[in-house]
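Observations on the three-dimensional arrangement
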Amino acid sequence: MSLLQIKDATLKFGGVVAVNNLSFSVNEGEVYAIVGPNGAGKSTVFNLISRFYQPHSGSFTFDGQDLLQRKADQVADLGIARTFQNIELFDHATVLQNLLVGRHRHRKTSLVEELFFTARVRREEIAHREAVEEVIDFLDLQPYRDKMIAGLPYGIRKVVELGRALASGPRLLLLDEPASGLSVEETQDMRWWIDDIRKQMGITVLMVEHDMGLVSSVCDQVLALADGAKLAEGTPAQVQADPAVLEAYLGAGAV
Amino acid sequence: MRILFKTSYNDDIRLFPDRWVLLVYGALLALAFVLPLLLDAFYIGEVTNVLIWAIAGLGLMLLTGQTGQVSLGHAAFLAIGCYSNTILIEMGLPFILAFPLAGVITGIVGAIIAIPALRLHGIYLAIATIALSVLADDIIVLLDPWTGGVSGKFPAMITIFGLQIERWTMPVRFYYLVLGVTVICTLFYRNLLRSPLGRAFAAVRDSEVSATAMGVHILRTKCKAFGLSCMITGWAGALMGYYAGAFNNETFSLVISITLLMMIVIGGLGSIHGAFFGAVVVAFLPQVLSILKGAVLGGGVAIPGLETGVFGMILILFILFEPMGLYGRWLKIRIWFELFPFARKDMFRRQKSYLKTERLR
Ligand SMILES: Nc1ncnc2c1ncn2[C@@H]1O[C@H](COP(=O)(O)OP(=O)(O)O)[C@@H](O)[C@H]1O
Ligand SMILES: [Mg+2]
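Residues numbered from 1 in each chain as written. Chains lettered and ligands numbered in written order. Predicted model: local features only at pLDDT ≥ 70, side-chain atom pairs only at ≥ 80, totals over all residues. Heavy atoms only, no water.

1. Topic: the pairing of strand β3 (residues 31-35) of chain A
All names here are of chain A. Cut-off, in case you're wondering: A 1.4 Å probe rolled over the protein chains alone gives each residue an accessible area, and that area as a share of the maximum for its type sets the label: buried under 20%, exposed over 50%, partly exposed in between. Under the DSSP-based scheme used, a helix requires at least four consecutive residues in state H or I and a strand at least two consecutive residues in state E, with every element numbered from the N terminus. Should DSSP find at least two bridges between two strands, the strands are taken to pair.
The element β3 is largely enclosed, with a buried count of 5 among its 5 residues. Side chains of β3 alternate between two faces, with Val31, Ala33 and Val35 and Tyr32 and Ile34 buried alike. Relative to strand β8 (residues 204-208), β3 runs parallel, the two being bridged by 4 bridges. Bridge pairing links Tyr32 to Leu206 in β8.

This is the structure:
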């Protein structure tokens, strides 16, 4: 059963057609990758799902609900969490605080209760903390718990951002280039994590990735995108062998 | 070196992380309690002034330091707090109700004004809020029947359960009142910092895009920040009215707004300590300057704009050399001692932050 379904989505920025009549669907429990050259519109697809952009046409359905009825801040409540291509963390806060913001959609207490820090707020805080600690254990972030983001190396920030998304307890995880800028070892870690996220946590993953090694090792389905339109879709092997994809990547004449 | 050993999640949640910190702040509070025994009435008045500025600083800090929204309109909220407290008492409400209510009213007005204002960002927001400071003056004059207009008003007498408090004749009682409000405001601030709303404030400050993706409603969160900030500012305003002894349309001017903003930048944005450090500077700078001026030039020489000039200069120096403010400087000194002799010269060099290109907005 498909968890996320996108039909005939189109988005133009002035004259640029960033997403062109695109349809695809992601099944519950699978890892789905979007690949394509720079400027193909991959991040734009994510921003459409996050409701940062309003599509000109098309339908977006998540678990039977119309995504277009939601505002950007109501998407998290459905159980959709994401990371950003250019890491968007809260730089002047600690790793722990960043992860706790991931719990925001689960908060139950009101402003007045929080002002007086009632017993209920304390109980909730401890519950949030326990959820976040599970993520910290899963991603081996223990040494960085109380460190400010502003002083952390790039590779760790990428992991923290993944952690923040996981802390929200999502059903669908959107990862925008999770391995870009990572070393070979870090990419290897990312690969195990994505595998475990799907297998142990049962979270569906939709990711944008350039590293074909990573894509073919963890993904079930791949969508190749060029100029905002679908080029090919299928298993990693099928897509890699597709003549249209080869042409887009290697240029005309190479085939 | 001091080593923290945490054994429960409560260790990170409770007000004082460990016994040492509890001891330090306990001692500080105890000192504040016995201070009237140690100082004469004049200096108690000065300390009261510092505390009032610190409350106002906490108010603006919540908005600017915590949520990242600049306001040059907070003098207007000081005025709303001051006038509504006085008017409520004149209407017959006891101080113990009128005072909290004055803050709540200021907070509600602030949250309503915030709805259109907070659609603006950065410098545009600063300019829009300047208008607030300027408008407040005119509105106070226009509302003459309630506010006394240009001729102003005297703050209404404080009576708490039969106990009278007056700033001039009973400075010690007034000091304890201000101290109580300071402690309550500081506790509110701390409580916010350790709950979801405080984290949402920081999230909005650092990245609106990812805050939204985490389910934070940006405008609503900013409005809450503005409202809470104005509530604390309103209380500070009411106390300022008592401290000044009389007030009119010119008491809460744009200069006060600017001073407040400078104060929290010099003290250190984003921290409770910063509000207090900044308040000490603001409250004592005029005295220090006049003593210095007297020593250098002899008495009787007036230099117009000296205070403002020196203040501006200090601000520029801080922004250039210590953007973390006095509190940042203090942290560095403390860490140096805690790590002694392992501190290295480049430890605090700021890390290059990664370029954020292609941002969503
Ligand atoms: N906010 C925007 N305004 C204008 N053009 C944009 C915007 N966001 C993306 N684009 C354009 O849309 C196209 C797709 O961009 P993007 O989705 O970021 O590509 P990528 O596949 O590399 O992630 C590019 O041509 C880009 O210039
Ligand atoms: Mg991209």
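2. Concerning the site of ligand 1
Residues and elements named next belong to chain A. Where we set the bar: By convention in this text, a residue qualifies as near a molecule or strand provided that one of its non-hydrogen atoms is within 4 Å of it. Each polar contact in these results corresponds to two N or O atoms within 3.5 Å; when the atoms are within protein, one needs to be able to donate a hydrogen and the other to accept it, and residues that are neighboring in sequence are counted only if both atoms are side-chain atoms. Areas reported here follow the Shrake-Rupley algorithm with a probe of radius 1.4 Å; residue values treat only the protein chains shown as occluding. Following the grouping adopted for this structure description, the nonpolar residues are Ala, Val, Leu, Ile, Met, Phe, Trp, Tyr, Cys and Pro, the charged ones are Asp, Glu, Lys and Arg, and the polar ones are all others, Gly among them.
Around ligand 1, a shell composed of 13 residues is seen, among which Gly39, Gly41, Lys42, Ser43 and Thr44 lie nearest. Within the backbone of Gly39, a nitrogen or oxygen atom sits 2.8 Å from an oxygen atom of ligand 1. Between Ala40 and ligand 1, the recorded distance is 3.2 Å, taken from a backbone N or O atom to an oxygen atom. Burial of ligand 1 by the surrounding chains reaches 67%, relative to a free accessible area of 560 Å². At 3 residues, helix α1 (residues 42-49) tops the list of elements feeding residues into the shell around ligand 1. A per-class count over the shell around ligand 1 returns 6 nonpolar, 6 polar and 1 charged.

3. A short note on the domain arrangement of chain A
Residues and elements named next belong to chain A. Stated precisely, the cut-off is as follows: Those domain boundaries reflect an automatic or database domain assignment. Contacts: residue pairs with any heavy atoms within 4.5 Å of one another. Buried area: the sum, over both parts, of the accessible surface (1.4 Å probe) that disappears when the two are put together.
Split by domain assignment, chain A resolves into domain 1 (1-79 + 170-255) and domain 2 (91-168). Measuring from the centre of the C-alpha atoms in domain 1 to the corresponding centre in domain 2 gives 27 Å. Residue-level contacts link 19 residues of domain 1 with 11 residues of domain 2. Buried surface at the junction of domain 1 and domain 2, both sides included, amounts to about 1200 Å², of which 72% is carbon and sulfur. Of all the elements in the fold, those that place two or more residues in the side of domain 1 that touches domain 2 are α2 (75-78), β7 (172-176) and α7 (184-199). When residues in the side of domain 1 that touches domain 2 are grouped by element, the largest group, 5 residues, is from α7.

4. Focus: the coordination of the magnesium ion (ligand 2)
All names here are of chain A. What counts is decided by this rule: The donor definition counts N, O and S atoms within 2.8 Å of each metal and applies 3.2 Å to Na, K and Ca; water is not among these atoms, so some sites may look incomplete.
Protein-derived ligands of the magnesium ion (ligand 2) are Ser43 (OG) and Gln85 (OE1), with the metal-ligand distances lying across 2.0 Å. Here Ser43, found in helix α1, pairs with Gln85, found in the loop between β6 (80-82) and α3 (95-102); they are 42 residues apart in sequence, far enough to count as distant. Its relative accessible area of 18% is what places Gln85 among the buried residues.

5. Describing the sheet that holds strand β2 (residues 16-27) of chain A
Residues and elements named next belong to chain A. As summarised here, the arrangement of the 4 strands in space is β2-β1-β4-β5, forming an open sheet in which the pairing is antiparallel. Two strands lie at the open edges of the sheet, namely β2 and β5 (65-66), each paired on one side alone. One ladder, built from 5 bridges, connects strand β1 (residues 2-13) with strand β4 (residues 57-62); its direction is antiparallel. Residue pairing for β4: Ile6 is matched across the bridge by Phe60.

6. Things to note about the sheet that holds strand β9 (residues 221-226) of chain A
Residues and elements named next belong to chain A. Here is the rule we go by: Every axis corresponds to a line fitted to the C-alpha atoms, with the helix fit spanning only the stretch in contact, and the corresponding angles, defined between N-to-C directions, vary from 0 to 180 degrees.
A sheet is described by the order of its strands in space; here 6 strands give the open sequence β6-β7-β8-β3-β9-β10, paired in mixed fashion. At either margin of the open sheet sits one strand with a lone partner, and together these are β6 and β10 (229-234). In this sheet, neighbouring strand axes are inclined to one another by 20° on average, regardless of whether the strands run parallel or antiparallel. Helix α6 (residues 154-167) contacts β6 and β7 of the sheet and is inclined by roughly 165° relative to β7.

7. Focus on the pairing of β1(A)
All names here are of chain A. The sheet contact formed by β1 and β2 spans 8 bridges and is antiparallel. Looking across to β2, one finds that Ser2 is bridged to Asn27. Taking the residues between adjacent antiparallel strands as the criterion, β1 and β2 are bridged by 2 residues, where Gly14 takes a positive phi near 60°.

8. Brief notes about helix α3 (residues 41-66) of chain B
An α-helix turns once every 3.6 residues. As a result, residues three or four positions apart point the same way. All names here are of chain B. As a reminder of what qualifies: Between the first and last residue of a helix there are one fewer steps than residues, each counted as 1.5 Å, and that sum is the expected span. Here the bend at each residue means the angle between axes fitted to two seven-residue stretches, the one ending at that residue and the one beginning there.
Its 26 residues place the ends of α3 35 Å apart at the C-alpha level, agreeing with the 38 Å of an ideal helix rising 1.5 Å per residue. Of all the bends found along α3, the most pronounced is centred on Leu60 and spans about 40°. In terms of burial, α3 is largely enclosed, as 23 of its 26 residues are buried. Residue Gly68 follows α3 closely and has a positive phi angle near 80°.

9. Thoughts on α3(A)
When you tally the buried positions in α3(A), you get 7 out of 8 residues, the bulk of the element. Along α3(A), the positions that sit buried rather than exposed are A:Val95, A:Leu96, A:Asn98, A:Leu99, A:Leu100, A:Val101 and A:Gly102. Tucked into the core, α3(A) has its buried residues touching α5 (119-138) and α6 of chain A together with α1 (10-13) and α9 (196-206) of chain B.

10. Focus: unusual backbone geometry
Residue and element names in this part refer to chain A. The backbone phi angle of Asp8 is positive, close to 50°, even though this residue is not glycine. With respect to the helices, strands and loops of the structure, Asp8 is situated in strand β1. On the basis of relative accessible area, Asp8 is assigned to the partly exposed category, the value being 41%. Positive phi outside glycine occurs at Asp63, with the angle close to 50°. According to the relative accessible area criterion, Asp63 is partly exposed, its value standing at 31%.

11. Points about the packing of aromatic side chains
Using the following cut-off: Centres within 6.5 Å are what make two rings of Phe, Tyr or Trp a pair, Trp counting through its six-membered ring; a difference in plane orientation under 30 degrees is then read as stacked, over 60 as edge-to-face, and the rest as tilted.
Under the definition given, this model contains 14 aromatic pairs over all chains. Considering the side-chain rings of A:Phe24 and A:Tyr32, the 5.4 Å spacing of their centres and the 25° angle between planes classify their relative orientation as stacked. Take A:Phe24: its relative accessible area is 4%, and that puts it in the buried class. Within the aromatic cluster, the residues linked to one another by ring pairs are A:Phe116, B:Phe95, B:Phe99, B:Phe174, B:Phe188, B:Trp235 and B:Tyr242.

12. With respect to the packing of helix α12 (residues 254-267) of chain B against helix α13 (residues 272-297) of chain B
All names here are of chain B. This is how it is decided: For classification purposes, angles smaller than 35 degrees are called roughly parallel, those larger than 145 roughly antiparallel, those between 65 and 115 roughly perpendicular, and all remaining angles oblique. In this scheme the crossing of two helices becomes right-handed for a clockwise turn of the near helix relative to the far one and left-handed for an anticlockwise turn of less than a right angle.
Following both chains from N to C, one finds α12 and α13 inclined at 120°, their axes separated by 7 Å at the closest point. Our classification of the angle between α12 and α13 gives oblique. Judged by the twist between their axes, the crossing of α12 over α13 is right-handed. In contact with Thr259, Met263, Ile266 and Gly267 of α12, α13 contributes Gly274, Ala275, Phe277, Gly278, Ala279, Val281 and Val282. Classifying every residue of the contact of α12 with α13 by side-chain character gives 7 nonpolar, 4 polar and no charged.

13. Some thoughts on the confidence of the model for chain B
The test is simple: Every residue gets a pLDDT, meaning the predictor's confidence in that residue, from 0 to 100.
Residues with a pLDDT of 70 or more make up 92% of chain B, whose mean pLDDT is 87. Across residues 351-361 of chain B the pLDDT falls below 50, and counting only partners more than four positions away or on other chains, this stretch makes 20 contacts in the model.

14. Some thoughts on the side chain of A:Glu124
Residue and element names in this part refer to chain A. Inspection of the secondary structure assignment puts Glu124 in helix α5. Taking relative accessible area as the criterion, Glu124 reaches 15% and is therefore assigned buried. With sequence-adjacent residues up to four places away left out, Glu124 is seen in contact with His106, Lys108 and Thr109.

15. Overview of the interface of chain B and chain A
Note the following rule: The working definition used for a salt bridge is a side-chain nitrogen of Lys or Arg within 4 Å of a carboxyl oxygen of Asp or Glu.
Facing the 38 residues of chain B at the interface are 47 residues of chain A. Roughly 3900 Å² is buried in total at the junction of chain B and chain A, and carbon and sulfur atoms are behind 62% of that figure. Taking the shortest distance from any N to any O, the salt bridge between A:Arg129 and B:Asp12 comes out at 2.8 Å. Linking chain B with chain A are 11 residue pairs in polar contact (both at pLDDT 80 or more), by the criterion used here. Among the secondary structure elements, those contributing two or more residues to the side of chain B that touches chain A are α1, α8 (171-193), α9, α10 (208-213) and α11 (218-244) of chain B. Per-element accounting of the side of chain B that touches chain A gives the leading share, 7 residues, to α9(B). Residue composition of the side of chain B that touches chain A, grouped by class: 17 nonpolar, 10 polar and 11 charged.

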